[in-house]
Amino acid sequence: MPKISQRAQHMPASPVRKLVPYAIQAKQKGIKVYHLNIGQPDIETPETALNAVKNIDLKVLEYALSEGNIEYRKALTEYYHSLGFTDLTPDNFIVTNGGSEALNFAISTLCDDGDEIIIPEPYYANYNGFAGTFNINIVAVPSTIDTGFALPSIEEFEKKITDKTRAIVVCNPGNPTGYLYSREELQKLAEIAKKHDIVIISDEVYREYVYDGEQQISMFEFPEVADNVIVIDSESKRYSMCGARIGCLITRSKKIHDAAILFAQARLSPVLLGQIAATAAHKNDAEYIAKVREEYTNRRNLLVELLNEIPGVICPKPKGAFYCGVELPVDDSDKFAQWLLESYSNNNETVMVAPMGGFYSNPELGKKQVRIAYVLKQEDLRRSVELLRDAIEKYRIEFGLD
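Residues numbered from 1 in each chain as written. Predicted model: local features only at pLDDT ≥ 70, side-chain atom pairs only at ≥ 80, totals over all residues. Heavy atoms only, no water.

Taking an unreviewed UniProt entry as the reference, the protein chain is identified by name as Pyridoxal phosphate-dependent aminotransferase belonging to Epilithonimonas hispanica. The protein chain has a UniProt comment under Sequence similarities (unreviewed entry) that states "Belongs to the class-I pyridoxal-phosphate-dependent aminotransferase family." (UniProt positions renumbered as here; feature names shortened; annotations may be inferred.)

Structural data, given as structure tokens:
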């Protein structure tokens, strides 16, 4: 038998995708599954992007430039100029196969084996996978549901910094909680980064989708750490084009950029068709973004209200992204999520949620929590919550929790 690496043996399963086989089995039994587990919106991709691919006028689908084709990097530059970052040029951007590859490039560029990155938790579960791939350590700073997952005190971050610390990673707005960091919170992180000369990797892929008149604050807004910031961006959620696999790494630091481009060259090139679609999507997109933001606002309001009506459920109201971190009156969210797919149905329907243990460095912290994505239309969200209410009642009876 072939030997499997220690790296592979310790690679964590995705809390979002590990239950997929059970969902497939449920569907094979004729059960409809409402997918609240994954950030795959049912929002239509912009017609401009789809038409750009449909009407492609190329004789050869050739390699793109390793850093991304100039047409797309110019579109990104214009987009960031519209946000106020007029000093950025196409040379500040490295186009990647999704935001995930941008994160991989950032970690590869900054960290050696055994180095550390500090992350407030709960955090995007794939950060665990990236850390395992590159043999680095995540040092978590826990936030709590009773504060709506607000940033922990800055003193807690400072306690975690060692000579192995290379970066602080934040996701703003946050996945899995939808928390939106304030300028004051980010200012404190900038001060720490400057003091200790470490990098802030700011995952800003949900920038457009913030609510209640709030504004997302980018780490690019703090000039004192101009050379200590990497921003991760992606078109997946902005334009509901997850399958295009287009994102980017952006930095003002030439040193970081020139190191990261070597990893981009090693993987050859980002997806050509995705760049064509994304370039087109950026043209005259204001109406599209505003319409989608309004839809997500309405979905969030409905979901949070209905969830908090279920006895024992705690659901803070997120200010951004399209996720809620939800505490349920169950004994184990992994067990409950699997039970929903294996053993529960109501009128041949059930729901799929993402257990939040995998969004923590210590899974016990998320043992009773799930992430719910409001990526379905409102009537489906309403039915999903009806099913969750009924399922929780039946689960508690079946496992003697009442």
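Right, picking up where we left off after that structure.
Looking at this structure, how should I read the sheet that holds strand β12 (residues 369-373)?
Picture the strands of a sheet paired through backbone hydrogen bonds; they go either parallel or antiparallel. Across the sheet, which stays open at both edges, the three strands sit in the order β9-β12-β11 with antiparallel pairing between neighbours. Every interior strand has two partners, whereas the edge strands, β9 (323-327) and β11 (354-355), have only one. (Pairing = 2+ DSSP bridges. Helix = DSSP H or I, 4+ residues; strand = E, 2+ residues; numbered from the N terminus.)

Would you take a moment to explain the side chain of R238 for this structure?
If you trace the backbone, R238 turns up in the loop between β7 (229-234) and β8 (247-251). Within polar-contact distance, the side chain of R238 engages the side chain of E208 at 2.8 Å. A polar side-chain atom of R238 sits 2.8 Å from a polar atom in the side chain of E235. Leaving out residues up to four positions away in the same chain, R238 has contacts with Y79, R207, E208, Y209, D233, H282, Y288 and I289. (Polar contact = N/O pair within 3.5 Å; in protein donor to acceptor, adjacent residues only side chain to side chain. Contact = heavy atoms within 4.5 Å.)

It is not clear to me how the domain arrangement of the protein chain should be interpreted in this structure. Could you clarify?
Quite often, the size of an interface is put as the accessible area lost when its parts meet. Examined at the domain level, the protein chain breaks down into domain 1 (6-44 + 287-399) and domain 2 (47-283). Every contact between the two is made by 38 residues of domain 1 and, on the other side, 33 residues of domain 2. If you look at where domain 1 meets domain 2, you find two salt bridges. Connecting domain 1 to domain 2 are 18 residue pairs in polar contact (both at pLDDT 80 or more). Those elements that place two or more of their residues in the side of domain 1 that touches domain 2 are α11 (286-308), β9 and β12. For the side of domain 1 that touches domain 2, the element with the most residues is α11, which contributes seven residues. Tallied by class, residues from the side of domain 1 that touches domain 2 come to 22 nonpolar, nine polar and seven charged. (Domains from an automatic or database assignment. Salt bridge = Lys/Arg side-chain N within 4 Å of Asp/Glu carboxyl O. Nonpolar A, V, L, I, M, F, W, Y, C, P; charged D, E, K, R; others polar.)

Looking at this model, I keep getting lost on the UniProt feature "domain: Aminotransferase class I/classII large" (unreviewed entry) in the protein chain. Mind explaining?
Mapped onto the present numbering, the UniProt feature "domain: Aminotransferase class I/classII large" (unreviewed entry) falls on residues 33-386. Between the end C-alpha atoms of residues 33-386 the distance is 13 Å, and the span holds 36% helix and 16% strand.

Would you mind going over the sheet that holds strand β6 (residues 199-203) with me for this structure?
Pairing is mixed across the open sheet formed by seven strands, whose spatial order is β2-β8-β7-β6-β5-β3-β4. Here the strands that pair on one side only, and so sit at the sheet edges, are β2 (93-96) and β4 (137-142). Across the sheet, the mean angle from the axis of one strand to that of its neighbour is 20 degrees, orientation sign disregarded. Contacts from helix α5 (residues 98-110) reach β2, β3 (116-121), β5 (165-171), β6, β7 and β8, with the element oriented near 160 degrees to β7. Sheet strands touched by helix α6 (residues 126-133): β3, β4, β5 and β6. Its angle to β4, the strand with the most contacts, is close to 150 degrees. (Axes fitted to C-alpha atoms, helices over the stretch in contact; angles between N-to-C directions.)

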